Amino acid sequence: MFALSANRTSPSTEVVAGFTTFMTMVYIVFVNPQILGAAGMDTKAVFVVTCLAAALGSISMGLIANLPIALAPAMGLNAFFAFSVTLGMGVSWQVAMGTVFWGAVVFALVSVVGLRQWLLENIPAGLRTGIPAGIGLLIALLGFKNSGLVVADPNTLVKVGDLTSLPVVLGSLGFFIIIILAYRGVNSAVLISTLVVTLLAALCGDVQFSGIVSMPPAIGHVFGQLDLSAILDIGLAGVIFSFALVSMFDSSGTMIAVTERCGINDEKGRFPNMGKALKVDSLSSVAGAYMGTSSVTAYIESSSGAAVGGRTGLTSVVVGVLFLGVIFLSPLAAMVPAYAVAGALIYVGVMMTAGLTKVKWSDLSEAAPAFITAVMMPFTFSITEGIAAGFISYCVIKAGCGRWRDIHPCVVVVAVLFLIKFIFIDGH
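We now turn to the structure provided with this report. Note that the structure is a prediction, hence the values are computed from the model and not measured. (Residues numbered from 1 in each chain as written. Predicted model: local features only at pLDDT ≥ 70, side-chain atom pairs only at ≥ 80, totals over all residues. Heavy atoms only, no water.)

A short note on the packing of helix H7 (residues 125–147) against helix H16 (residues 364–380)
Then comes step 1: One can describe the packing of H7 onto H16 by two numbers: an axis separation of 7 Å at closest approach and a directional angle of 25°. It follows that H7 is roughly parallel to H16 by the angle criterion. As for how H7 packs across H16, the hand of that crossing is right-handed. Two secondary-structure elements touch here, H7 through Gly-126, Leu-127, Gly-130, Ile-131, Ala-133, Gly-134, Ile-135, Leu-137, Leu-138 and Leu-141 and H16 through Glu-366, Pro-369, Ala-370, Thr-373, Ala-374, Met-377 and Pro-378.
Then comes step 2: Its residues assigned to classes, the contact of H7 with H16 shows twelve nonpolar, four polar and one charged. (Axes fitted to C-alpha atoms, helices over the stretch in contact; angles between N-to-C directions. Helix = DSSP H or I, 4+ residues; strand = E, 2+ residues; numbered from the N terminus. Parallel < 35°, antiparallel > 145°, perpendicular 65-115°, else oblique. Left-handed = near helix turned anticlockwise from the far one by under 90°. Contact = heavy atoms within 4.5 Å. Nonpolar A, V, L, I, M, F, W, Y, C, P; charged D, E, K, R; others polar.)

Structure (structure tokens):
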């Protein structure tokens, strides 16, 4: 089934690779409930759904596409869902989940009909770099907020919080643990940091021990509770488009990076069973939204499994099975305070902004749109506004500089759609 011999690997190697990938990304089962819980969702149910979505996506990727790429709810898009759409726009989480669902449907349709490749090839490299960087900055801001290191201020908008408070001290400690362990090559750095900070919080009396193992909590509070009428609200069109666009960039880039690490893609980034992988990826998001979690995507942490020899879908199947086992650890997840995962959010921000080194900073017509895209996300607390600002500024700057040929029609279409949204929808 997995063609182990043809891929120069063995069952033991694939199992070790699967365990390695799992240990690097299992932190999502602690972080995702914290973030979606801010939107009013049942955190215990979200914990179970997060595990189920990761298991379903990873096992499907392994069995259908035979690739060592694990899937789980996306960091960044979960924050966008909770803070920008639900809290920022004042809509219910059920409606917001409906936008995730329709965004995933658009994502799936684009993948099935082949437009995904065309869009990825023609959207400027600077914007492709600025989008994940901006999401990373937004996630880092959430990490600083959750730890109490950054707080609101009516005069200066933000300021430094109480540096002697327990959340700030332990949240900062968690971040330093992650960085030091990651630098030393420890794959489970985020998991170790989360557990250490939670233990210290318990010793300080800020967390009450409630057990480790139990039967999974009920998921009826979130499963299938999305409001599909979101597609009828023109004011949410930009949100739906943003979910689809970001999912497309994030997941495609991750797949290319992981398969490149495996040495199985060509000079154009194509890899075996690419069509199947893109379909599994997009349909997993559709299923995840219906189950009750934000967009599901391929995880760059899969490269850690590839680094220890993972080459086939057996690696992904192992990851999925392990996520199913985690479902029985809900009491442990419930004890994790928000500041225990703050370090993980800041660390993810560091990783996602690393791509800014690829921007052609010597060319202002490329650098300025990438910069605008990245900084507008944390400054407006919205991924949608950042993407819109990036596309519109790109067209204006390139046109003003006389570089019309750099502007691809798909970029113009996206920019015009956002302008219509701002003028005729947001303006009323």
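Moving on from the model shown.
Topic: the pattern of salt bridges
Then comes step 1: Taken as a whole and assessed by the stated rule, the structure comprises five salt bridges.
Then comes step 2: One salt bridge connects Asp-363 with Arg-403, and the closest N-O pair in it is separated by 2.9 Å. Here Asp-363, found in the loop between helix H15 (342–353) and H16, pairs with Arg-403, found in the loop between helix H17 (383–400) and helix H18 (409–426); they are 40 residues apart in sequence, far enough to count as distant.
Then comes step 3: The class of Arg-403 is partly exposed, set by a relative accessible area of 32%.
Then comes step 4: Put simply, Glu-366 and Lys-398 hold a salt bridge, and the shortest N to O gap is 2.8 Å. In this pair, Glu-366 is assigned in helix H16 and Lys-398 in helix H17, connecting sequence segments 32 residues apart.
Then comes step 5: Judged by its relative accessible area of 16%, Glu-366 is buried.
Then comes step 6: On the basis of relative accessible area, Lys-398 is assigned to the buried category, the value being 0%.
Then comes step 7: Each of Asp-363, Glu-366, Lys-398, Arg-403 and Asp-406 takes part in salt bridges that share partners, so that together they form one network. (Salt bridge = Lys/Arg side-chain N within 4 Å of Asp/Glu carboxyl O. Buried < 20%, exposed > 50% of the residue type's maximum accessible area, 1.4 Å probe, protein only.)

Focus: the pairing of strand S2 (residues 150–153)
Then comes step 1: When S2 meets strand S3 (residues 157–160), the two strands line up antiparallel, connected through four bridges. Among the inter-strand pairings, Val-150 is bridged to a residue of S3, identified as Val-160.
Then comes step 2: Here S2 folds back onto S3 in antiparallel fashion, the turn holding three residues. (Pairing = 2+ DSSP bridges.)

Let's talk about the side chain of Glu-301
Then comes step 1: With respect to the helices and strands, Glu-301 occurs in the loop between strand S4 (296–298) and helix H12 (302–307).
Then comes step 2: With a relative accessible area of 17%, Glu-301 lands in the buried category.
Then comes step 3: Within polar-contact distance, the side chain of Glu-301 engages the side chain of Tyr-27 at 2.9 Å.
Then comes step 4: Every residue in contact with Glu-301, bar those within four places of it in the chain, is listed here: Thr-21, Thr-24, Met-25 and Tyr-27. (Polar contact = N/O pair within 3.5 Å; in protein donor to acceptor, adjacent residues only side chain to side chain.)

A word on the environment of Val-296
Then comes step 1: Within the secondary structure layout, Val-296 lies in strand S4.
Then comes step 2: Overall, the relative accessible area of 1% leaves Val-296 in the buried class.
Then comes step 3: Residues Val-296 and Ile-28, spaced 268 residues apart in sequence, show a C-alpha to C-alpha distance of 11 Å.
Then comes step 4: Those residues in contact with Val-296 that sit more than four places away from it in its chain are Ala-53, Leu-71, Ala-72, Pro-73, Ala-74, Asp-281, Ser-284, Ser-285 and Gly-288.

Some points on helix H3 (residues 43–65)
Then comes step 1: Between its first and last C-alpha, H3 extends 32 Å over 23 residues, near the 33 Å set by a 1.5 Å rise per residue.
Then comes step 2: Put simply, Asp-42 is the residue that caps the front of H3, since its side-chain oxygen is 3.0 Å from the backbone nitrogen of Lys-44.
Then comes step 3: One or two steps after H3, the chain reaches Asn-66, where phi turns positive at roughly 55°. (Expected span 1.5 Å × (residues − 1).)

Considering the nonpolar core
Then comes step 1: Val-29, Met-75, Phe-81, Phe-323, Ile-383, Ile-387 and Phe-391 are the most contacted members of the largest nonpolar core, which has 102 residues in total.
Then comes step 2: Here this core gets ten residues from one element, more than from any other, and that element is helix H5 (residues 93–112).
Then comes step 3: By size, the runner-up hydrophobic cluster in this structure holds 15 residues, among which are Met-61, Leu-67, Met-255 and Val-280. (Core = buried A, V, L, I, M, F, W, Y, C linked by side-chain atoms within 4.5 Å.)

With respect to the packing of aromatic side chains
Then comes step 1: Applying the stated criterion to the full structure yields eight aromatic pairs.
Then comes step 2: Judged by centre distance (5.1 Å) and plane angle (80°), the ring pair of Phe-22 and Phe-323 falls under edge-to-face. Remark: Phe-323 occurs in helix H13 (residues 313–326) and Phe-22 occurs in helix H1 (residues 11–25); sequence separation between them is 301 residues. Just as Phe-22 is buried, Phe-323 falls in that class too.
Then comes step 3: Ring centres 5.7 Å apart and planes at 85° place the aromatic pair Phe-223 and Tyr-290 in the edge-to-face group. Here Phe-223, found in the loop between helix H9 (189–203) and helix H10 (237–262), pairs with Tyr-290, found in helix H11 (residues 274–291); they are 67 residues apart in sequence, far enough to count as distant.
Then comes step 4: Take Tyr-290: its relative accessible area is 41%, and that puts it in the partly exposed class.
Then comes step 5: Put simply, the rings of Phe-241, Phe-418 and Phe-422 touch in pairs and so form one group of aromatic residues. (Phe/Tyr/Trp six-rings, centres within 6.5 Å; stacked < 30°, edge-to-face > 60°.)

Purely geometric stuff here, so don't read any function into it on its own.
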